[in-house]
Amino acid sequence: MANNQSNESASRKIAFFDTTLRDGEQAPGFSMSAEEKLIMAGALCDLGVDVIEAGFAAASVGDAEAVKRIATEISGPTICSLSRAGDGDLHKASEALKPAKRSRIHIFLGTSPIHRKAKLNMTKAQVLAATERSVSLAKTLCDEVEFSAEDAIRTERDFLVEALECAARAGATVLNVPDTVGYATPDEIYDLFRFLIKNVGGAENAIFSAHCHNDLGMAVANSLAAVRAGASQIEGAINGIGERAGNCALEEAMMVLTTRRDAFDLSIDVDTTKIMAASRMLAKITGNPVPRNKAIVGRNAFAHEAGIHQHGVLNDRRTYEIMLPEDVGLTGNALILGKHSGKHALAARAKELGFEIEESRMGAVFTSFKAMADEFGEIADAQLIELICGVTGTSSEVWRLTRVEMRAAYGGNAEPFARVELEHPVRGTVTDIATGEGPIHAAFNAVQHITGLKATVEELEINHVGATGRTDCIADIVLKIEGERYVGRSRTRDVIPAGVEAYVDSINRAIAALNLDAFGNEKSLPSPANSKDAA
Ligand code: KIV
Ligand code: ZN
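Calculation criteria
Residues numbered from 1 in each chain as written. Chains lettered and ligands numbered in written order. Predicted model: local features only at pLDDT ≥ 70, side-chain atom pairs only at ≥ 80, totals over all residues. Heavy atoms only, no water. Near = heavy atom within 4 Å. Polar contact = N/O pair within 3.5 Å; in protein donor to acceptor, adjacent residues only side chain to side chain. Areas by Shrake-Rupley, 256 points an atom, 1.4 Å probe, with all protein chains shown as cover. Helix = DSSP H or I, 4+ residues; strand = E, 2+ residues; numbered from the N terminus. Nonpolar A, V, L, I, M, F, W, Y, C, P; charged D, E, K, R; others polar. Salt bridge = Lys/Arg side-chain N within 4 Å of Asp/Glu carboxyl O. Domains from an automatic or database assignment. Contact = heavy atoms within 4.5 Å. Donors = N, O, S within 2.8 Å, 3.2 Å for Na, K, Ca; no water. Buried < 20%, exposed > 50% of the residue type's maximum accessible area, 1.4 Å probe, protein only.

Another aspect to go through is the site of ligand 1. Around ligand 1 sit Arg22, Asp23, Leu82, His106, Phe108, Ser148, Glu150, Asn176, Pro178, Thr180, His211 and His213, and that is every residue in its neighbourhood. Residue histidine 211 places a side-chain N or O atom 3.1 Å away from an oxygen atom belonging to ligand 1. Expressed as a share of its isolated accessible area of 260 Å², the protein-covered part of ligand 1 is 94%. For the shell around ligand 1, the secondary-structure elements that each account for two or more residues are α1 (20-24), β4 (103-110), β5 (144-150) and β6 (174-179). Tallied by class, residues from the shell around ligand 1 come to three nonpolar, six polar and three charged.

Looking at the secondary structure, you find aspartate 23 in helix α1. Separated by 3.2 Å, the side chains of aspartate 23 and histidine 213 make a polar contact. Among the polar contacts made by the side chain of aspartate 23, one reaches the main-chain amide nitrogen of glutamate 243 at a distance of 3.2 Å.

Turning to the pattern of salt bridges, a few remarks are in order. Throughout the structure, instances matching the rule amount to 36 salt bridges. With its nearest N and O atoms 3.6 Å apart, the salt bridge here joins arginine 22 to aspartate 23. Between lysine 294 and glutamate 252 there is a salt bridge, with its nearest N and O atoms 2.5 Å apart. Here lysine 294 is found in the loop between α12 (275-286) and α13 (307-315), whereas its partner glutamate 252 is found in helix α10 (residues 250-259), with 42 residues between them in sequence.

Further remarks concern the domain arrangement of the protein chain. Here the protein chain is partitioned into domain 1 (15-286), domain 2 (303-392) and domain 3 (400-514). Using only C-alpha atoms to locate each centre, domain 2 and domain 3 end up separated by 27 Å. Contacts between domain 2 and domain 3 engage six residues on the former and seven residues on the latter. Across the domain 2-domain 3 interface, the total number found is zero salt bridges. Here domain 2 is connected to domain 3 by zero residue pairs in polar contact (both at pLDDT 80 or more). Broken down by element, the residue count for the side of domain 2 that touches domain 3 peaks at three residues, all from helix α16 (residues 381-388). Class assignment of the residues belonging to the side of domain 2 that touches domain 3 gives a composition of three nonpolar, one polar and two charged.

Looking at the zinc ion (ligand 2), the protein donor atoms are Asp23 (OD), His211 (NE2) and His213 (NE2), and they sit 2.0 to 2.1 Å from it. Each donor residue of the zinc ion (ligand 2) belongs to the same chain, and together they define the spacing D-x187-H-x1-H. With relative accessibility at 5%, the residue histidine 211 sits in the buried group.

Structure (structure tokens):
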């Protein structure tokens, strides 16, 4: 495995400039309140990013407040505000940054022909004059100044050199070269940074920085090409969020430089075990789940379902893993039990749960397991326990959704409510009517009242599936019950029953795992030894 190499040698350090709260937050569907930004800034601070771009103070009162609160409460990283090249913006940025232990103003100004003409209506000389003036003023207002030649990639090379020289002369110590439109290839970025680092006069002590957008899916590769060429700062966002297709996904760049240190020989100073926490917090705050197959932080990134893969990983993780899940802060089991899993994985998970499946019983358990996997897809621990203890009868003691009616209220004073009917082999048919913030929320409340279990929804994803003829809704839910997470899944014709059925499915799994009776009270679980006897 190439990871876990020491960062102690004297290799060049790469700084991470996190713009999750600025470039990331300005993308449609990702806005955050000042309070949410502060929480997220805490996670970025734990991760150890070097700079947090907390917002664009002049953009709104809320953004200025967020920058100020982060500058007041977060210590460790440099706190930065974006600013246009005008006095008004610069003063607002400086005011918001005042409480910061170390502050940075990040000035951006378009330098490419299209930006000069279509956006700014400025000549080259005017762009240089505005750069000079704004950087000089910013220098008096904060600890450090970063200058971004917006759309640098499409700027004439000689003018780009002039603009960066002008910014450096006026006092900018960080020179950012953004690929604003995500157009460049890694070879082009490498070549451009080599050229600029060699030709920008008076920038010997400046930090060259890469800010790559992901329109063609090359943001991470381009950022890494820039640092190979001599840049010392990567700008990006957690989960790769940002304008349009997003920015360089910082967690990916971090793990490339850690896992493939042999290829880059660059050092970084972040705690990669905090990656997963930052990623999940962002997904939760913004309500944008991370795609399952997303590198580093997707649910499948360290998961194995295929039987052959699981067998290999059980023998030696290095057969299919180039990084340790623990290195990105992932704990718990990475083997997904599903229809592709083999007997080795089944036996291993059962053992972890405290159950030894005897040789003579394995065939029957495995057959039931495959049938269950065909029906449910992923098999949760609670389901596996039910299956192993099948003879105890716990598997039939589940709640079933038989009816749900709701009122959705939009506007006016009518409160949303739901009437839910569940059926249970011991308690029979039970009905409850509850209110909630919305009809689904009300239905979840009703299920809680009936089953006696308090649960919070951690994730709920509903997808339409099926292209021709019949389409179904698949709902996947994760509930937190008594500190543990339980998954639930359902497939029905409509969104509402799918969501409520998945909720009930998850509750059933919790009931089995926690060994509760029909009223939500604890009962005695057959011990692992009992389960063998029962076999
Ligand atoms: O993409 C871009 O050019 C930017 C600048 C403000 C740096 O986000
Ligand atoms: Zn950007």
